[in-house]
Amino acid sequence: MTALWNRIVRGLEWFTIGLFALLVLDVLWGVISRYVPGIRPSDWTEELAVYLLVWVSLFGAALTYRSHGHLGVDYFVSKLDPSAQRLAAVLVELAVLIFAAFALCYGGWRLVADTLGANQLTPVLQWKIGYLYS
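Everything quoted here is computed from the prediction, not taken from an experiment.

**Things to note about the side chain of glutamate 47**
And then number 1: Mapping glutamate 47 onto the fold places it in helix H2 (residues 45-66).
And then number 2: Here glutamate 47 sits buried without a salt bridge, and the closest side chain of opposite charge, arginine 34, lies 12 Å off (N-O distance).

Below, the structure written as C-alpha cells:
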C-alpha cells in the first residue's frame, strides 16, 4: 500500500511540475505576444495564468503539507516534553482535518455546485468556472 501511495504522490509531483512548466510557457508567450512587433497579442494568456497559478499553489501546498514543510510554531512545540509534543501534533492534525472538511470539501462542493448551476463561464476562455473550482 505504501508503494502505491508513493507512486500517487510522485505522479502528483510530476503533474504539478507540468502545470508549473505550462504556467511559465503561458506567461512567456503572453510577454512575447505583447512586445514583439508583428505578433498579435494573446488575450487568453493572462486568464490561463491565473488559473494555472491557483492549481499549482494548491497542489504544491498539498505536497508540502505531506512532507511536513508547512509553516508551524515548531519553536514553541520543541520546548514541550515529548508527550505534549505528540498531543500538539494530534491537535494540529485535527484542526487541519476539520478545516479541510468544512472549508475545502463542503464549501468547495457548494461553490462548484452553485457555479455549475448558474452556468458561469470565464470571460475570455469561455470555460465553465465550476470545473475550474473543482
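What follows picks up the thread again.
**Observations regarding the packing of aromatic side chains**
And then number 1: This structure, assessed with the given rule, holds five aromatic pairs.
And then number 2: Taken together, a centroid distance of 6.0 Å and an interplanar angle of 25 degrees make the contact between phenylalanine 102 and tyrosine 106 stacked. One end of the pair, phenylalanine 102, and the other, tyrosine 106, are both in helix H4 (residues 82-117), four residues apart, so they sit about a helical turn from each other.
And then number 3: Taking the relative accessible area as the measure of exposure, phenylalanine 102 reaches 59% and is therefore exposed.
And then number 4: With relative accessibility at 42%, the residue tyrosine 106 sits in the partly exposed group.
And then number 5: Members of the aromatic cluster, each reached through a chain of ring pairs, are Phe15, Trp55 and Phe59.

**Describing the side chain of aspartate 26**
And then number 1: Of note, aspartate 26 is situated in helix H1 (residues 2-35).
And then number 2: Buried charge aspartate 26 goes without a salt bridge, the closest partner of opposite sign being arginine 34 at 9.0 Å.
And then number 3: Excluding anything up to four places from it in sequence, aspartate 26 contacts Trp44, Thr45, Leu48, Ala49 and Leu52.

**A closer look at the pattern of salt bridges**
And then number 1: Scanning all chains against the criterion turns up one salt bridge.
And then number 2: Among the salt bridges present, the one from arginine 10 reaches glutamate 13, with a minimum N-O distance of 2.8 Å. Residue arginine 10 and its partner glutamate 13 are located together in helix H1, separated by three residues, close to a single helical turn.
And then number 3: Relative accessible area serves as the criterion here: at 47%, arginine 10 is assigned to the partly exposed category.

Scoring rules and cut-offs
Residues numbered from 1 in each chain as written. Predicted model: local features only at pLDDT ≥ 70, side-chain atom pairs only at ≥ 80, totals over all residues. Heavy atoms only, no water. Helix = DSSP H or I, 4+ residues; strand = E, 2+ residues; numbered from the N terminus. Buried < 20%, exposed > 50% of the residue type's maximum accessible area, 1.4 Å probe, protein only. Lys, Arg positive; Asp, Glu negative; His and termini not counted. Salt bridge = Lys/Arg side-chain N within 4 Å of Asp/Glu carboxyl O. Phe/Tyr/Trp six-rings, centres within 6.5 Å; stacked < 30°, edge-to-face > 60°. Contact = heavy atoms within 4.5 Å.

Nothing here speaks to function; it is geometry throughout.
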